[in-house]
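Take a look at the letters that make up each chain.
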Amino acid sequence: MRNSKKNIESSKKFPKYKMTQPKNKGNQPEIILYTDGACSGNPGPGGWAAILKQPHTNKVKRLSGGEPDTTNNRMELTGAIEGLRAIKPTKRWRVCLVSDSQYVIFGLTQWIDGWIKKNWRRGKEEVKNVDLWQTLYALTQQFDMSYEHVLGHSGHLENEECDRLAVEAIEGVRNRA
């Protein structure tokens, strides 16, 4: 199933969300994937985080990691990639990806079909971070995806926790250096 624009939950004003489940219409997700990325300097040391929740079982899994020399956008993409990789492919799960990254959400819902049609190019240049976009796209095709954009640093509990985990991952990278 191709990702479609109607699978995104957002508004032009990006209201402040204080919820623990996405505002999905129709079938509720079986897994809610909250993600974030951070970078200290851009480029610089970066961190990513993902929180996976299964609302019907109350299971929660937290993941994070970092890289010594990266960009914020690469960490945003990596958070989504690693979160999806953590889902066991025992069936075609309904997954809602929740992120404060317009780059990730709009990339998956508005831009990616055009990139694919143009062989991963924007004009004469290759799409930035094409390696990660191709990986993320392939992973999303394994699930029934929906998307929600949340405003960062607005009190959204899981987004704030993802941000904290991503920043901690940066510190871990610095400490290993």
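You'll find the structure just up there.
Let me begin by describing the structure that accompanies this report. (Residues numbered from 1 in each chain as written. Predicted model: local features only at pLDDT ≥ 70, side-chain atom pairs only at ≥ 80, totals over all residues. Heavy atoms only, no water.)

1. Points about the packing of aromatic side chains
Phase 1 of the analysis: A complete count under the given rule lists four aromatic pairs for this structure.
Phase 2 of the analysis: Between tryptophan 111 and tryptophan 115, the aromatic rings sit 6.0 Å apart at their centres with planes inclined by 50°, giving tilted as the arrangement. One end of the pair is tryptophan 111 and the other is tryptophan 115, both in helix α2 (residues 102-117) and four residues apart, which spans about a single turn.
Phase 3 of the analysis: A residue is classified by how much of its surface remains accessible, and tryptophan 115, at 8% relative accessible area, is buried.
Phase 4 of the analysis: By the ring-pair criterion, three or more aromatic residues cluster together here, those being Tyr103, Phe106, Trp111, Trp115 and Trp133.
Phase 5 of the analysis: Above the ring of tryptophan 93, the side-chain terminus of lysine 91 is found at 4.8 Å from the ring centroid. (Phe/Tyr/Trp six-rings, centres within 6.5 Å; stacked < 30°, edge-to-face > 60°. Helix = DSSP H or I, 4+ residues; strand = E, 2+ residues; numbered from the N terminus. Buried < 20%, exposed > 50% of the residue type's maximum accessible area, 1.4 Å probe, protein only. Lys NZ or Arg CZ within 6 Å of the ring centre and 35° of its normal.)

2. Re the pairing of strand β5 (residues 94-99)
Phase 1 of the analysis: The element β5 is largely enclosed, with a buried count of five among its six residues.
Phase 2 of the analysis: One ladder, built from five bridges, connects strand β2 (residues 31-39) with β5; its direction is parallel. Among the inter-strand pairings, leucine 33 is bridged to a residue of β5, identified as leucine 97.
Phase 3 of the analysis: Pairing geometry for β5 and strand β8 (residues 144-149), over six bridges, is parallel. (Pairing = 2+ DSSP bridges.)

3. What to know about the pattern of salt bridges
For side chains bearing opposite charge, pairing can occur when the charged atoms are close.
Phase 1 of the analysis: Within the structure shown, the criterion is met by nine salt bridges.
Phase 2 of the analysis: For the salt bridge of arginine 62 with glutamate 161, the shortest nitrogen-to-oxygen distance reads 2.4 Å. Here arginine 62 is found in strand β4 (residues 59-70), whereas its partner glutamate 161 is found in helix α4 (residues 157-176), with 99 residues between them in sequence.
Phase 3 of the analysis: Among the residues examined, arginine 62 registers a relative accessible area of 47% and is labelled partly exposed.
Phase 4 of the analysis: Note that glutamate 161 and arginine 164 form a salt bridge whose closest N and O atoms lie 3.8 Å from each other. Linking glutamate 161 with arginine 164, this pair stays in helix α4, spanning three residues, or about one helical turn. (Salt bridge = Lys/Arg side-chain N within 4 Å of Asp/Glu carboxyl O.)

4. Considerations on the environment of aspartate 163
Phase 1 of the analysis: With respect to the helices and strands, aspartate 163 occurs in helix α4.
Phase 2 of the analysis: Residue classification places aspartate 163 among the buried positions, given a relative accessible area of 17%.
Phase 3 of the analysis: Taking the C-alpha atoms as reference, aspartate 163 lies 8.0 Å from tryptophan 48; in sequence the two are 115 residues apart.

5. Considering the packing of α2 against helix α3 (residues 130-140)
Axis angle and axis distance: for two packed helices, these are the angle between their axes and the distance between the axes, and together they describe the pair.
Phase 1 of the analysis: Closest axis-to-axis distance for the α2/α3 pair is 11 Å, and the angle between their directions is 95°. In terms of orientation, α2 lies roughly perpendicular with respect to α3. On the side of α2, the interface is formed by Tyr103, Val104, Gly107, Leu108, Ile112, Trp115 and Ile116, while α3 contributes Trp133, Leu136, Tyr137 and Thr140.
Phase 2 of the analysis: Of the residues contributing to the contact of α2 with α3, the split by class is nine nonpolar, two polar and no charged. (Axes fitted to C-alpha atoms, helices over the stretch in contact; angles between N-to-C directions. Parallel < 35°, antiparallel > 145°, perpendicular 65-115°, else oblique. Contact = heavy atoms within 4.5 Å. Nonpolar A, V, L, I, M, F, W, Y, C, P; charged D, E, K, R; others polar.)

6. Comments concerning the side chain of threonine 140
Phase 1 of the analysis: Take threonine 140: it is sitting in helix α3.
Phase 2 of the analysis: For threonine 140, a relative accessible area of 0% translates into the label buried.
Phase 3 of the analysis: For threonine 140, the side chain forms a polar contact with the main-chain oxygen of tyrosine 137, separated by 2.7 Å. (Polar contact = N/O pair within 3.5 Å; in protein donor to acceptor, adjacent residues only side chain to side chain.)

7. What to know about the nonpolar core
Phase 1 of the analysis: Of all hydrophobic cores here, the largest spans 30 residues; its most connected members are Leu84, Ile87, Val95, Leu97, Leu108, Trp133 and Leu136.
Phase 2 of the analysis: Contributions of two or more residues to this core are made by β2, β3 (44-54), α1 (72-85), β5, α2, α3 and β8.
Phase 3 of the analysis: Top element by residues in this core is α2. It accounts for seven residues.
Phase 4 of the analysis: Other than its neighbours up to four places away in sequence, leucine 136 contacts Leu77, Ala80, Ile81, Leu84 and Leu108.
Phase 5 of the analysis: Listed in part, the 12 residues of the second largest apolar core include Ile32, Ala38, Ile51 and Ile170. (Core = buried A, V, L, I, M, F, W, Y, C linked by side-chain atoms within 4.5 Å.)

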